[in-house]
Amino acid sequence: MAWFLLILGGLFEVGFTTSLRFVDGFRNLPWTAAFLASVTLSMLLLERAAREIPMGTAYAVWGGIGAIGTVAVGMLFFDEPSTTIRLLLILVVVAAIAGLKLTA
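In this report, we go over the structure that sits alongside the text. Fair warning: this is a prediction, and the values are worked out from it, not measured in the lab.

## Considering the nonpolar core
Reasoning step 1: Residues Leu6 and Ile53 are the most contacted members of the largest nonpolar core, which totals 19 residues.
Reasoning step 2: Elements represented by at least two residues in this core include exactly α1 (2-20), α2 (29-49), α3 (55-77) and α4 (84-103).
Reasoning step 3: In contact with Ile53, other than residues within four places in its own chain, are Ala2, Trp3, Leu6 and Ala58.

## Side note on α1
Reasoning step 1: The terminal C-alpha atoms of α1, which comprises 19 residues, lie 27 Å apart, in line with the 27 Å expected from a rise of 1.5 Å per residue.
Reasoning step 2: Inspection of α1 places Ala2, Leu5, Leu6, Gly9, Gly10, Glu13, Val14, Phe16, Thr18 and Ser19 among the buried residues, and these make up the whole buried set.
Reasoning step 3: Structurally, α1 contributes buried residues whose contacts are with α2 and α3.

## Considering the packing of α1 against α2
Reasoning step 1: The interhelical angle for the contact between α1 and α2, taken along N-to-C directions, is 155 degrees, at an axis separation of 7 Å. Classed by the angle they form, the pair α1 and α2 counts as roughly antiparallel. In this structure, α1 meets α2 at a crossing whose hand is left-handed. For the pair formed by α1 and α2, the contact residues are Ala2, Leu5, Leu6, Leu8, Gly9, Phe12, Glu13, Gly15, Phe16, Ser19 and Leu20 on the first element and Trp31, Ala34, Phe35, Ser38, Val39, Leu41, Ser42, Leu45, Leu46, Arg48 and Ala49 on the second.
Reasoning step 2: Residues belonging to the contact of α1 with α2 are distributed by class as follows: 15 nonpolar, five polar and two charged.

What counts and what doesn't
- Residues numbered from 1 in each chain as written.
- Predicted model: local features only at pLDDT ≥ 70, side-chain atom pairs only at ≥ 80, totals over all residues.
- Heavy atoms only, no water.
- Core = buried A, V, L, I, M, F, W, Y, C linked by side-chain atoms within 4.5 Å.
- Buried < 20%, exposed > 50% of the residue type's maximum accessible area, 1.4 Å probe, protein only.
- Helix = DSSP H or I, 4+ residues; strand = E, 2+ residues; numbered from the N terminus.
- Contact = heavy atoms within 4.5 Å.
- Expected span 1.5 Å × (residues − 1).
- Axes fitted to C-alpha atoms, helices over the stretch in contact; angles between N-to-C directions.
- Parallel < 35°, antiparallel > 145°, perpendicular 65-115°, else oblique.
- Left-handed = near helix turned anticlockwise from the far one by under 90°.
- Nonpolar A, V, L, I, M, F, W, Y, C, P; charged D, E, K, R; others polar.

Structural data, given as structure tokens:
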């Protein structure tokens, strides 16, 4: 269950980084509310998961999911470059996350 909560928390991290793009100095209230809700849920889920998963591992996995997800959202929805080197580097992050999970 802790790993499920951690993955869900990482997905909410993608939500808050994506929302951050639209908050417009926190003047856009719907996007600001989405940002605040996402960051709160993400942190709560990270804290809950870290009760059973070592904190270093939990934080690395949570951050990795957020980073990979945010890069993917940028590529898919915001025309950010999807070069071969960027895709290879994402695979390196995925491999590192998998390694951390396997050794936790």
